[in-house]
Every structure is written in C-alpha cells, then in structure tokens.
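Secondary and tertiary structure notes
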Amino acid sequence: WLKPFCLKTFCCSDAMSPAVAVHLPHSAVLSDPCTLHELRIRIDSLEEPIRLLEAKDSEEATRVYKAFGEDDPFGARAWPSACICAQRLLAEGVRGRTVLELGCGTGLVATAALLGGARFVLATDRSRANVDRAVASARLNGKELQGEVFDVTLPMPLPCRASPHCGNIHQPSLEFPSHLLPETFDFAVFSDVLYWPELATAFGRRAAEAFAGGSTVIVADPGRRSDEFVKALRSELRRLGVEPLPQVDLLPTSCPTPEWVSADVRMASSL
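This section reports on the structure supplied with the text. Note that the structure is a prediction, hence the values are computed from the model and not measured. (Residues numbered from 1 in each chain as written. Predicted model: local features only at pLDDT ≥ 70, side-chain atom pairs only at ≥ 80, totals over all residues. Heavy atoms only, no water.)

What follows concerns the overall build of the chain. On a plain count of helices and strands, the chain comes out with 7 helices and 10 strands. Burial analysis of the chain (271 residues in total) assigns 55% to the buried set. Within the chain, contacts between residues separated by at least 24 positions form 69% of all contacts whose residues are at least 6 apart in sequence. (Helix = DSSP H or I, 4+ residues; strand = E, 2+ residues; numbered from the N terminus. Buried < 20%, exposed > 50% of the residue type's maximum accessible area, 1.4 Å probe, protein only. Contact = heavy atoms within 4.5 Å.)

Let us now look at unusual backbone geometry. Trans is the common state for peptide bonds, and a negative phi is the common state for residues other than glycine. Cis geometry is adopted by the peptide bond preceding Pro244, which originates at Glu243 and carries an omega value of -10 degrees. We note that Asp192 has phi near 50 degrees; this positive angle belongs to a residue other than glycine.

One pass over the full model with this rule turns up 11 salt bridges. Residue Arg139 is joined to Glu144 by a salt bridge in which the shortest nitrogen-to-oxygen separation is 2.8 Å. We classify Glu144 as partly exposed; its relative accessible area is 33%. Note that Asp192 is salt-bridged to Arg224, the shortest N-O span being 2.5 Å. Pair noted here: Asp192 is in the loop between β9 (187-191) and α5 (197-213) and Arg224 is in the loop between β10 (216-220) and α6 (226-239), with a separation of 32 residues, a long-range link. For Arg224, a relative accessible area of 25% gives the class partly exposed. Among the charged side chains, a network of salt bridges with common partners joins Glu38, Arg40 and Arg51. (Salt bridge = Lys/Arg side-chain N within 4 Å of Asp/Glu carboxyl O.)

Another point: the nonpolar core. Grouped together as the largest cluster of nonpolar side chains are 38 residues, with contacts concentrated most on Ile41, Ile43, Leu89, Val99, Val121, Leu145 and Val189. At the level of secondary structure, the elements contributing two or more residues to this core comprise β2 (36-41), β3 (50-55), α2 (80-92), α3 (108-115), β5 (120-125), α4 (128-140), β9 and β10. Examining the composition of this core, we find that 7 residues originate from one element, α2, more than from any other. When sequence neighbours within four positions are dropped, the list of residues in contact with Val189 reads Cys85, Leu89, Val99, Leu100, Glu101, Leu102, Val109 and Ile218. In this structure, Phe120, Leu122, Cys166 and Ala208 belong to the second largest nonpolar core, which totals 37 residues. (Core = buried A, V, L, I, M, F, W, Y, C linked by side-chain atoms within 4.5 Å.)

Attention now moves to α3. For α3, a buried count of 7 out of 8 residues is recorded, marking the element as mostly surrounded by other parts of the structure. Of all the positions in α3, only Leu108, Val109, Ala110, Thr111, Ala112, Ala113 and Leu114 are classed as buried. Positioned one or two residues after α3, Gly117 has a phi angle of 105 degrees, which is positive.

Turning next to the packing of aromatic side chains. Counting across every chain of the model gives 7 aromatic pairs. Ring plane angle 35 degrees and centroid distance 6.1 Å describe the contact between Phe120 and Phe185, whose orientation is recorded as tilted. Here Phe120 is found in strand β5, whereas its partner Phe185 is found in the loop between β8 (174-175) and β9, with 65 residues between them in sequence. Each member of the pair, Phe120 as well as Phe185, is classed as buried. Judged by centre distance (6.0 Å) and plane angle (75 degrees), the ring pair of Phe190 and Phe229 falls under edge-to-face. Here Phe190 is found in strand β9, whereas its partner Phe229 is found in helix α6, with 39 residues between them in sequence. Across the pair, exposure class does not vary: Phe190 and Phe229 are buried alike. Through successive ring pairs, a cluster of aromatic residues spans Phe74, Trp79, Tyr195 and Trp196. (Phe/Tyr/Trp six-rings, centres within 6.5 Å; stacked < 30°, edge-to-face > 60°.)

What follows is the structure in structure tokens.
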C-alpha cells in the first residue's frame, strides 16, 4: 500500500525564461560503480515506456556504496512508489513547468517529468552515484536532466535561484548555476525515502519548506514513517507561519507489482 498525497499552493509561478540551458554534473560520461541493467517502465500517460538504469544486484550495490562511504544503497534500485509519484505528478500537469525531485534514486520521477513536457527538472540525491545514474537514464530517453547532490538533512535551503547551494557530507559546499534555477519550483516531489526517523523528519521539514515557498508537493511512500513525517511537516509549517494550515490527507493507493520490480524490492516494499 502506498500513500501519495499532494499539498497544493496557488502562489504565482516564477517568470524564468523558457530558453534551454544545460548544466552537466561532474562527469559527462557515466562510470557507474555498480553492475547495471536497463528497465522499461510504463507510465499510463506516456506513449513510450521509460528506459531506466538500475543496479542489477542489491548485495553488490550495498558493498559498493559502503566502500564509497554511502550508508544508503536503496536508491540504486527502482521502487514502485516512484511509479505512483510519477503518475500523480503527470496527472497534475507538468508541461512547461518546473520540478525539483529530492532523493531521486534512479530518477524515474524526474525522467517522467521531462517526458511529460516539464521545461526544467532538477534531480537531487545525497548520493553522487544516484544523481549520475539518473542523468544517464534520462539521456537514454533523449532528455537532458539537470542533477546535483543535495542532502535534505544538511542545514541549507532547498535549491532555487536565490539559494543555489547544494552538497552532501562528502562535498558540503557545491553551487548549482543560479541562472538555470527558477525562483520557485512549481513542484517538489519525492518517493520512498522515509526509511529512518531522522529522514522522515527531514523530509517532513523539506515538504513544509517547499509548500511555504509556493510549490505543490507530491509524496508517495509505503508509510514506513508516516507519523514522524506528518508531525515534522505540521510543526515546520507552523514555524514558517503558514496560515491556514493545509489539510494533510494520506490517500491509501493499491499498487500492482509490475514485472520490473525485483524480488528484494518487492519484499522490502511490503515491510
């Protein structure tokens, strides 16, 4: 069971020029530390399946990520929640709009947004390998995805034109080209990221930050830490002075298990 919800705001979107500009991450050619394979994932509103790279073996990914000082190898695999999140995002309408994905993992949602006509998408994750893999997957689909590392637990604002700062514990002081960023993203999205209490709290605060800044927030998760997430979300909304507080309804959604979901991911998604 997945619980997607959408926080809507009616603030005006930014007036960023639609001119195309590209920022390449640190490597233009993917040199992935994991053995990869390609998935073909169908999203209802897209004509063609999304081509997506993921780590072929979870155990190998765990070893590789630990060797690189990464605690969390989960983003190396594709998760059903991302498919639900992508479907909800596309149903909201992304053509000509801007999207920020937090904890992008394989970049399924970000790539879906580009294929749905979004004019600017920034995929972020605290893992450099995940960001690079997401960018590579988008290129398989003929799209140029913008990507940079961003750790939601670090004390920096969400990326935007006024605050282009990014980073993680390994690279804490990165800066994305500010002229490429919108003043406010139309959408902030994330899926299947509430693994630990500190992450659930951090993502709850980030959801509130994005909503207070004028973004529509879309979240899909199996509900592992939903209580901590919602508590942090409401607390941060109050701290930011958002009035009236939006109604937060978790909407249970039945999620068929597609053939592309690996056995270990299927098991983990049911926990």
